[in-house]
There are 2 protein chains.
Amino acid sequence: MNTLAEENYLKSIYHLSLNDSNVSTNQIAAALNTKAASVTDMLKKLADKELINYAKYQGVTLTSAGEKVALHIIRKHRLWEYFLVEKLHFKWDEVHDMAEEMEHISSVELTDRLDKFMDYPKHDPHGDPIPDRDGKFKKNELQPITALQVNESGIISGVRDHSALFLQYLEKQQLTIGKKIKVTEIIEYDQSMILEVEQTKIHISREAAKNLLIVI
Amino acid sequence: MNTLAEENYLKSIYHLSLNDSNVSTNQIAAALNTKAASVTDMLKKLADKELINYAKYQGVTLTSAGEKVALHIIRKHRLWEYFLVEKLHFKWDEVHDMAEEMEHISSVELTDRLDKFMDYPKHDPHGDPIPDRDGKFKKNELQPITALQVNESGIISGVRDHSALFLQYLEKQQLTIGKKIKVTEIIEYDQSMILEVEQTKIHISREAAKNLLIVI
DNA sequence: TAAAAAATTTAGACTTGTCTAAAAAATTAT
DNA sequence: ATAATTTTTTAGACAAGTCTAAATTTTTTA
Ligand SMILES: [Mn+2]
Ligand SMILES: [Mn+2]
Ligand SMILES: [Mn+2]
Ligand SMILES: [Mn+2]
């Protein structure tokens, strides 16, 4: 059906589309660790297959066929991440690269049975929503904790940075999905925040705070 | 490390080696549904990587490095087949093609944890032994039921033909792994066999009998 | 609004894995 | 032991996906 490379391009375009409605060649090249010239070549192929809308120099958007493919890959990625953490007991910072391979396993029946086996999880280990077999999911209404004032609270529900380094840092600070946090102080000098999590106080930089998402 | 194509070649060479010590170019081409010329090209690459012993026109054998790679792929193939049948409740004739994709998932840690998750199964759904992480496994001492005389018994433990058609046929006849069978009659005319399985009599052709393996 | 800078595309090349057709080697038959 | 047949390898080509360098277009700056 679609090649591995095509699938990876569609997935990247989907993710980049969440921030910018038109995705540029250079953005895709950066995301996929490749060169702009290679991206241009692939965009022509994807446009021929009517998976993207592409006009030279104008950037791209996914067609609804392309979005469907992208969401199916993302569904598989997140289901396998959930499997790896919940069934095989990997840590949340260990599963992304494995899921990058597993998301390309093609069987739809397998995907649906995996979903059932795990009792239809709604979110992956990083708090990202898992699309159902039709590609539908509830959009997370998450905010960075920098949106909170002193004495306001929220529940940790996602991350903006998925790097192993950040995830490990959060784990060490007990700042994991589902934990309730309260802002006890915002340091005026550098806007860093002091949080209360399960009776302990934790000091995090504004940089980290921007990447930690909560539901209020 | 090794490409998907390289892995498939090594696996085929391993399987063919079980019947013939030296594997020919044409045998590999037939097994992989490709052309002899393509095989020759790949054999040169695998020989350069010291995964096979290859001398022009002489056929090939795996080096011990090559065998190690092949056994690791086969380990993954059989573990995933077991997973698909035991955890996701697929039928034994449905899992092979999915496992052909899943066997290329690279993480060794994932493979070992999957093994543990399923409590270290020794055989896949078709009765084939699952190599451990060092590539070791007990060689099955199986015989086709054609080796039995009238009134002799055995336990169904494997198949020689893995096609969905044969597996579905066996399933329908209740001839599944673990069942005890007794030969009640061998028809002189065509050597077909009448078996007793759980109080019922089943008539199978010699052709089918040759592909059904038992332990005595 | 014209020049400079940045982004994007084109041109041409390379790698992997495949193919067909032709040549060479090995095997089988007479 | 030679001829015929089969097997295997070589030669040359092609598609997918990538790259560098050069050309083109768009955007920014002055
Ligand atoms: Mn991930
Ligand atoms: Mn994730
Ligand atoms: Mn199989
Ligand atoms: Mn099997």
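Higher on the page you've got the structure.
Predicted model only: the values in this text are computed from it and were never measured.

Thresholds applied
Residues numbered from 1 in each chain as written. Chains lettered and ligands numbered in written order. Predicted model: local features only at pLDDT ≥ 70, side-chain atom pairs only at ≥ 80, totals over all residues. Heavy atoms only, no water. Donors = N, O, S within 2.8 Å, 3.2 Å for Na, K, Ca; no water. Helix = DSSP H or I, 4+ residues; strand = E, 2+ residues; numbered from the N terminus. Buried < 20%, exposed > 50% of the residue type's maximum accessible area, 1.4 Å probe, protein only. Least-squares fit on C-alpha atoms with pLDDT ≥ 70 in both. Contact = heavy atoms within 4.5 Å. Pairing = 2+ DSSP bridges. Axes fitted to C-alpha atoms, helices over the stretch in contact; angles between N-to-C directions. Left-handed = near helix turned anticlockwise from the far one by under 90°. Phe/Tyr/Trp six-rings, centres within 6.5 Å; stacked < 30°, edge-to-face > 60°. Lys NZ or Arg CZ within 6 Å of the ring centre and 35° of its normal. Near = heavy atom within 4 Å. Polar contact = N/O pair within 3.5 Å; in protein donor to acceptor, adjacent residues only side chain to side chain. Nonpolar A, V, L, I, M, F, W, Y, C, P; charged D, E, K, R; others polar. Lys, Arg positive; Asp, Glu negative; His and termini not counted. Salt bridge = Lys/Arg side-chain N within 4 Å of Asp/Glu carboxyl O. Buried area = accessible area lost by both parts, 1.4 Å probe.

Draft legend 1. Expanded view of the coordination of the manganese ion (ligand 1). Residues and elements named next belong to chain A. For the manganese ion (ligand 1), every protein donor is listed as His 77 (NE2), Glu 81 (OE) and His 96 (ND1), and the spread of their distances is 2.0 to 2.2 Å. Written as a sequence motif, the donor residues of the manganese ion (ligand 1) are H-x3-E-x14-H. Between the manganese ion (ligand 1) and the manganese ion (ligand 2) the interatomic distance comes to 3.5 Å, and Glu 81 is a ligand of both metals. Of this pair, His 77 and Glu 81 both sit in helix 4 (residues 64-86), separated by four residues, roughly a single helical turn. For Glu 81, a relative accessible area of 1% translates into the label buried.

Draft legend 2. Structural context of the relation of the copies chain A and chain B. It takes a turn of 180 degrees to lay chain A on chain B, together with a shift of 0.0 Å along the axis; the resulting RMSD is 0.0 Å. Classification of the inter-copy transformation places it as that of a two-fold axis. Relative to the rotation axis, the closest C-alpha in chain A is found at A:Met102, a distance of 3.8 Å. An overlap of 100% is found between the interface residues of chain A and their copies at the interface of chain B, pointing to a shared contact surface.

Draft legend 3. Spatial organisation of the environment of A:Lys45. Residue and element names in this part refer to chain A. The topology assignment puts Lys 45 in helix 3 (residues 36-48). For Lys 45, a relative accessible area of 47% gives the class partly exposed. Distance from Lys 45 to Glu 6, taken between C-alpha atoms, is 8.6 Å for residues 39 residues apart in sequence.

Draft legend 4. The pairing of strand 8 (residues 212-215) of chain B, seen in detail. Across two bridges, the pairing between strand 3 (residues 143-144) of chain B and strand 8 of chain B is antiparallel. The partner of B:Gln143 across the bridge, within strand 8 of chain B, is B:Ile214.

Draft legend 5. Looking closely at the packing of helix 1 (residues 4-17) of chain A against helix 2 (residues 25-32) of chain A. Residue and element names in this part refer to chain A. Two elements in contact, helix 1 and helix 2, have axes separated by 10 Å at closest approach and are oriented at 115 degrees. When the axes of helix 1 and helix 2 are compared, the crossing they make is right-handed. On helix 2, the residues that touch Asn 8, Tyr 9, Ser 12, Ile 13 and Leu 16 of helix 1 are Gln 27, Ile 28, Ala 31 and Leu 32.

Draft legend 6. Here's a closer look at the packing of aromatic side chains. Tallied over the full model, the rule gives nine aromatic pairs over all chains. Taking the centre distance of 5.5 Å and the plane angle of 90 degrees together, the rings of B:Trp80 and B:Phe83 count as edge-to-face. Note that B:Trp80 and B:Phe83 are positioned in helix 4 (residues 64-86) at a spacing of three residues, about one turn of the helix. Given the relative accessible area of 0%, B:Phe83 is considered buried. A network of ring pairs unites the aromatic residues A:Trp80, A:Phe83, A:Phe117, B:Trp80, B:Phe83 and B:Phe117 as a single cluster. Between B:Lys87 and the ring centre of B:Phe117, over which it is positioned, the NZ or CZ distance is 4.6 Å.

Draft legend 7. Looking closely at the coordination of the manganese ion (ligand 2). Around the manganese ion (ligand 2), the protein contributes the donor atoms A:Glu81 (OE), A:Asp124 (OD) and A:His126 (ND1), which lie 2.1 to 2.3 Å from the metal centre. Donor residues binding the manganese ion (ligand 2) come from one chain and are separated in sequence as E-x42-D-x1-H.

Draft legend 8. Focus on the protein's contact with DNA strand D. Taken together, 21 residues form the shell around DNA strand D, and within it A:Thr3, A:Thr34, A:Ser38, B:Tyr54 and B:Lys56 come nearest. Within 4 Å of the protein, atoms of DNA strand D come from sugar and phosphate in 74% of cases. Separating a phosphate oxygen of DNA strand D from a side-chain N or O atom of A:Thr34 is a distance of 2.5 Å. With respect to DNA strand D, the backbone of B:Asn26 contributes an N or O atom lying 2.9 Å from a phosphate oxygen. Elements with a minimum of two residues in the surface near DNA strand D: helix 1 and helix 3 of chain A together with helix 2 (25-32) and helix 3 (36-48) of chain B. Take the surface near DNA strand D: its biggest share by element is five residues, from helix 3 of chain A. Partitioning the surface near DNA strand D into residue classes produces nine nonpolar, seven polar and five charged.

Draft legend 9. Inspection of the protein's contact with DNA strand C at higher detail. DNA strand C sits among 21 residues. The nearest are A:Tyr54, A:Lys56, B:Thr3, B:Thr34 and B:Ser38. Those atoms of DNA strand C that come within 4 Å of the protein belong to sugar or phosphate at a rate of 74%. One of the side-chain nitrogen or oxygen atoms of A:Thr40 is found 2.8 Å away from a phosphate oxygen of DNA strand C. One nitrogen or oxygen atom from the side chain of A:Tyr54 is found 2.5 Å from a phosphate oxygen belonging to DNA strand C. For the surface near DNA strand C, the elements supplying multiple residues, two or more each, are helix 2 and helix 3 of chain A together with helix 1 (4-17) and helix 3 of chain B. A per-element tally of the surface near DNA strand C places helix 3 of chain B first, with five residues.

Draft legend 10. Quick peek at the side chain of A:Glu7. Residue and element names in this part refer to chain A. Within the secondary structure layout, Glu 7 lies in helix 1. Here Glu 7 is buried and forms no salt bridge, its nearest opposite-charge partner Lys 76 lying at an N-O distance of 4.9 Å. Beyond its immediate sequence surroundings of up to four residues, Glu 7 is in contact with Asn 2, Ile 73 and His 104.

Draft legend 11. Summary view of the interface of chain A and chain B. Of the residues lining the interface, 19 residues belong to chain A; the matching set on chain B comes to 20 residues. Summed over both sides, the interface of chain A with chain B buries roughly 1600 Å², with 73% coming from carbon and sulfur. Taken together, chain A and chain B are joined by zero salt bridges. In this structure, the connection of chain A to chain B is made through six residue pairs in polar contact (both at pLDDT 80 or more). Elements with a contribution of two residues or more to the side of chain A that touches chain B: helix 4, helix 5 (96-102) and helix 6 (108-117) of chain A. In terms of residues, the side of chain A that touches chain B owes the most to one element, helix 6 of chain A, which gives five residues.

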